[in-house]
Amino acid sequence: MLTRPAFILVTTAIGLSAATSFPSITYSTYLRDHFTPTAIATDSSGNIYLAGNAVVDAPGSQTTVLVLKLNPTATQYVYTRFIGGSVNDSVAGIAVDGAGNAYIAGVTNSPDFPMTASTGSTPPGSSQERSYVAKLNATGELVYSMFLGGATNSFAQAVAVNASGAAIVSGTTVGTSESPYLTEVNPAGTAIVFSTAQVGGSALAVDAAGNIYMSGTTGSLTYPTTPGTYQPMFPVFLTCIAPCMAQFQGYNQYVTKVDPTGTIIFSTAVSGTGNTANNGLAVDVAGNVYLTGVAGVGYPYTVTAPTAPTSIAFGKLETPALPFLTKLDPLGQDVLYSVPVGGAGVTVDANGSAYAGGILGSFANYNISATLPALANLPAGCFTPEATVGQQAYAAQVDSSGDVTGAQFIGGSTLQVNGVALAGRTLWLAGATEKADFAFSPGVMFSENLQVAALAGAYLGAVNFSATAPAAGTPQIGCVVDSGELEPTGPVAPNQLITIFGNGLGPATGVAATNYTTTSLGGVSVTFGGTAATLLYVSANQINVAVPMVPNGRPTVMTVTVNSVPSAQLEFPVAVANPTMFAVPGGFQFNFGEFDVAALNADGTLNSATNPARLGSVIQVFVDGLALSPQSPGVPSALLSGGGFVVAGYTQANPFVLDVSLEVPSSAANFACQGVNTTTVCRAGFFFDLETYLEVYLGTPLPTGGLGFGGTVYLNPASVSTMGRSSR
């Protein structure tokens, strides 16, 4: 029986306020493929606005600007507006005024980008780029659009709108060196009110008095700062980009406040003694400033921060980093709090509570792999090795004193939050993902092109921080992973084995099933679309379950019930197959981007670096997510292998797992491997021909392509097997 007893440890939350909230995901979806949201906003009615880059010519990688407006529940589009020219166009920011007008800013390479006004700026020529700003009315019609920056290459990075309807744009001009700029456009979009090349940033905010705030990241020591502020001198330190052939001044964060005419009120650095990258800015009604991003060593936290592990980051040529959420007083003189949370956008409510999007894993040249206090209650099994290669997302709320009052894990393995916006106490998050490997909310809109293979697209989610506490005994699901590699799962496939991690999921002492037909175990049951699922193992923190024969082509809703108390429902897309190999826990190979496979050598012993397989021998690997039904005798000759490995045979180990005999190459010259001491580690890759699979089992030859999956095994290049080829 494949039970995999619980190996996780659930710890007590650290740094949570006594006034703890109970956040819950109310919306989560892979909204649209070939679209990357870069910014999000909400209006006073709760409508949601997304601005991002849409691929319009995949072979040529051409992108254009796409602005979406959704109703307050994100159940339908109010408008969909493409804006662009004949080359490449992108958008960096969006802001919305009280009338529902949307303002966007970004960069274009298109000389025919739609323009309604001339401000003396010229269209981009060949290999040139121009900043632009545009305004859409409440129905998505173009009100105005103009180039910014004259004849100089530039790119806009942020946009805000003041009470009079004037757009404020900030970005960077590119010449012999880069320099920031700040520009205000009149409400009609016909003239520049002021423009300065002295200050600027990648994030903007405007207060009720019309004062403008900007934050950003700079490697310059000459960006203007003012005396008497928190950090009037930028920290001086050297950094490098691996493999460190040369060093240069590191990157610092700053925040600047100017009056409505662009005159500096204060400007200060907020950095440590290592690289600091700003990724968000907000201002409350009292003028307090909130900054978020990621930072290396020496950042000025006001609490004890965890240590960022170095081995993973250095192995990936990245900077070990932690997220930060920092609150600065209205004069820019004092840090009121600085806590290790967030890093991916920030907003603030009328009570001074801050809400931040969070990221784990790789971000630019940073790696955030530390165990964060805000996520201390999350089961360890939810932190997958992919988080150090890709990205996982979460959301957090911090009260006015700097105490984390709630955090909600979202998951994924390639999910990067690019922006957040608040509607009441619901935080909307938008970002990019290459996989739909996170749970959906029931009834959401989603892309019709969902698949197991990677497909870049848009994530949209919402976390309600005013939800009531769940009833006593309610199962709390932390995450859902594939049982083979223990990575985030989605879509799911019939008879795929998945593992649910969380709290209150079952009995305190784990119980394993004694057969493959058990649907109720230890007071626990799991259903998909109302169909009872086979349970293999249940405990308080873990459930191993097989997805039942749910219909392909439409999503299925999963519910966990413990002692008659149901969990919140999660929805998953359904695929015909979602193959993975069972892996060795903790055996992720960063150089291959794969796991060590749980393989058996020809003598039945476990393959490992100290027990490698002989060349020419036959090893066994175990595949999850390929069995169409318990009666399936195996798969047709659609399971192939490359790199010198050959599929010698296969049999059904149980109704849910395929036992594959894999012949190791007979010569080290037949494949490319990497040495590990005196052993060689090699990637055993598979390609699953889904078209043939469907045609044989369903009689339906669908043009669906194939699914690639694989893992790593250890071989002894100096030892050749004397055993002949066998089949199973």
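Model, not experiment: these values are computed from the prediction.

The rules we used
Residues numbered from 1 in each chain as written. Predicted model: local features only at pLDDT ≥ 70, side-chain atom pairs only at ≥ 80, totals over all residues. Heavy atoms only, no water. Helix = DSSP H or I, 4+ residues; strand = E, 2+ residues; numbered from the N terminus. Buried < 20%, exposed > 50% of the residue type's maximum accessible area, 1.4 Å probe, protein only. Contact = heavy atoms within 4.5 Å. Areas by Shrake-Rupley, 256 points an atom, 1.4 Å probe, with all protein chains shown as cover. Polar contact = N/O pair within 3.5 Å; in protein donor to acceptor, adjacent residues only side chain to side chain. Disulfide = S-S within 2.5 Å. Pairing = 2+ DSSP bridges. Axes fitted to C-alpha atoms, helices over the stretch in contact; angles between N-to-C directions. pLDDT = per-residue confidence, 0-100. Phe/Tyr/Trp six-rings, centres within 6.5 Å; stacked < 30°, edge-to-face > 60°. Core = buried A, V, L, I, M, F, W, Y, C linked by side-chain atoms within 4.5 Å.

J.: Quick question: what am I supposed to make of the overall build of the protein chain here?
T.: Helices and strands together make up the secondary structure of the protein chain, namely two helices and 53 strands. Burial statistics for the protein chain: of 728 residues in total, 57% are counted as buried. Put simply, of all contacts in the protein chain between residues at least 6 apart along the chain, 63% involve residues at least 24 apart. For the protein chain, the exposed area adds up to about 26,900 Å²; of that, 53% sits on carbon and sulfur atoms.

J.: Sorry if this is basic, but what is going on with the environment of serine 121 here?
T.: By the secondary structure assignment, serine 121 is in the loop between β7 (102–108) and β8 (130–136). When the C-alpha atoms of serine 121 and alanine 151 are compared, they prove to be 5.8 Å apart, with 30 residues separating the residues in sequence. Among residues more than four places away in sequence, those in contact with serine 121 are Phe147, Leu148, Gly149 and Gly150. Engagement of the side chain of serine 121 in a polar contact is seen with the backbone oxygen of phenylalanine 147, the distance being 3.5 Å.

J.: In this structure, what is going on with the environment of methionine 214? I would like to understand it.
T.: Mapped onto the fold, methionine 214 is located in strand β15 (residues 212–218). C-alpha of methionine 214 to C-alpha of serine 202: the two residues are 12 residues apart in sequence and 7.2 Å apart in space. The contact partners of methionine 214, leaving out residues within four places of it in the chain, are Leu182, Val199, Gly200, Gly201, Ala203, Leu204, Tyr223, Tyr254, Val255, Thr256, Val258 and Leu281.

J.: What am I meant to see in the state of the cysteines here?
T.: Covalent bonding between the sulfur atoms of two cysteines is what defines a disulfide. Inspection of the entire model under this criterion finds one disulfide. Two residues, cysteine 382 and cysteine 479, share a disulfide whose sulfurs are 2.0 Å apart. The sign of the -95 degrees torsion about the S-S bond sets the cysteine 382-cysteine 479 disulfide as left-handed. Remark: cysteine 479 occurs in strand β33 (residues 476–482) and cysteine 382 occurs in the loop between β27 (366–368) and β28 (391–398); sequence separation between them is 97 residues. With relative accessibility at 1%, the residue cysteine 382 sits in the buried group.

J.: Whenever I open this one, the side chain of serine 215 confuses me. Can you help?
T.: Its place among the elements puts serine 215 in strand β15. Among the polar contacts listed, one links the side chain of serine 215 to the side chain of asparagine 278, at a separation of 2.9 Å.

J.: It is not clear to me how the side chain of asparagine 275 should be interpreted in this structure. Could you clarify?
T.: Assignment of secondary structure puts asparagine 275 in the loop between β19 (264–269) and β20 (276–283). Of the residues examined, asparagine 275 reaches a relative accessible area of 8% and is grouped as buried. For asparagine 275, the side chain forms a polar contact with the side chain of threonine 239, separated by 3.0 Å. Within polar-contact distance, the side chain of asparagine 275 engages the backbone nitrogen of tyrosine 251 at 2.9 Å. When near neighbours in sequence (up to four residues on either side) are disregarded, asparagine 275 contacts Phe237, Thr239, Gly250, Tyr251, Val294, Ala295, Gly296, Thr319 and Tyr366.

J.: Sorry, what's going on with the sheet that holds strand β39 (residues 542–546) here?
T.: Each strand in a sheet pairs with another by means of backbone hydrogen bonds, the pair being arranged parallel or else antiparallel. Across the sheet, five strands lie side by side as β33-β34-β39-β38-β35; this open sheet has antiparallel pairing. Unpaired on one side and paired on the other, β33 and β35 (511–512) mark the two borders of the sheet. Here β33 runs beside strand β34 (residues 497–503); their pairing, made up of six bridges, is antiparallel. Residue pairing for β34: aspartate 482 is matched across the bridge by isoleucine 498.

J.: Which parts of the structure should I look at to understand the sheet that holds strand β31 (residues 426–433)?
T.: Across the sheet, four strands lie side by side as β1-β32-β31-β30; this open sheet has antiparallel pairing. The sheet is open, and its two borders are formed by β1 (24–33) and β30 (416–423), each paired with just one other strand. Taken pair by pair, the neighbouring strands of this sheet meet at an average axis angle of 20 degrees, ignoring direction. Examined bridge by bridge, β30 and β31 share seven bridges and lie antiparallel to one another. Along β31, the bridge assignment pairs glutamine 416 with alanine 432.

J.: Mind showing me how you'd approach the pairing of strand β24 (residues 335–339) here?
T.: If a strand is regular, its side chains alternate between the two faces of the sheet. Here β24 lies mainly inside the structure; four of its five residues are buried. Pairing of strand β23 (residues 322–328) with β24, which is carried by four bridges, proceeds in the antiparallel orientation. Pairing of leucine 325 across the sheet is with valine 339, part of β24. Where β23 folds back on β24, the antiparallel hairpin that results is connected by six residues, among which glycine 332 adopts a positive phi of roughly 70 degrees.

J.: Looking at this structure, I do not really get unusual backbone geometry. What am I missing?
T.: Among all residues except glycine, the phi angle is most often negative; among peptide bonds, the trans geometry is most common. Proline 491 follows glycine 490 through a cis peptide bond whose omega is -10 degrees. Positive phi, close to 55 degrees, is recorded for histidine 34, a residue that is not glycine. Take histidine 34: it is sitting in the loop between β1 and β2 (35–42).

J.: In this structure, what is going on with the confidence of the model for the protein chain? I would like to understand it.
T.: Summarising the model, the protein chain shows a mean pLDDT of 86, and 86% of its residues fall at 70 or more. Counting contacts from residues 723–728, a segment whose pLDDT is below 50, to residues more than four positions away or on other chains yields 16 contacts.

J.: Help me understand the pairing of β28 in this model?
T.: Among the eight residues of β28, eight are classified as buried, and the element is accordingly described as predominantly covered. On β28, burial covers both faces: Gln391, Ala393, Ala395 and Gln397 on one face and Gln392, Tyr394, Ala396 and Val398 on the other are all buried. Pairing analysis gives eight bridges linking strand β26 (residues 354–363) to β28, with the strands arranged antiparallel. Of the residues in β28, the one forming a bridge with isoleucine 359 is alanine 393. Relative to strand β29 (residues 404–411), β28 is paired through six bridges, and the arrangement is antiparallel. Residue alanine 393 lies in a different strand from β29, and its bridge partner there is glycine 411. Linking β28 to β29, which pair antiparallel, is a turn of five residues; within it glycine 402 sits at a positive phi near 100 degrees.

J.: Would you mind going over the packing of aromatic side chains with me for this structure?
T.: Two aromatic rings are characterised by how far apart their centres lie and by the angle between their planes. Counted by the stated rule, this structure contains 13 aromatic pairs. Here the aromatic rings of phenylalanine 113 and tyrosine 132 are separated by 4.5 Å at their centres, their planes lie at 35 degrees, and the arrangement is tilted. Placement of phenylalanine 113 in the loop between β7 and β8 and of tyrosine 132 in strand β8 is noted, with a sequence separation of 19 residues between them. Each member of the pair, phenylalanine 113 as well as tyrosine 132, is classed as buried. Pairwise contacts between aromatic rings join Phe438, Phe440, Phe446 and Tyr459 into one cluster.

J.: So what exactly am I meant to see when it comes to the nonpolar core here?
T.: Ranked by internal contacts, the top residues of the largest apolar core, which has 50 residues, are Val255, Leu281, Val289, Leu325 and Val341. Residue contributions to this core peak at five residues, all from strand β21 (residues 289–295). Grouped together as the second largest cluster of nonpolar side chains are 38 residues, Tyr30, Ala54, Leu460 and Phe465 included.

J.: I keep staring at the environment of threonine 122 and nothing clicks. Help me out?
T.: Tracing the backbone through its elements, the reader meets threonine 122 in the loop between β7 and β8. Between the alpha carbons of threonine 122 and glycine 149 there is a distance of 8.4 Å; along the sequence they are 27 residues apart. When near neighbours in sequence (up to four residues on either side) are disregarded, threonine 122 contacts Arg130, Phe147, Gly150 and Ala151.

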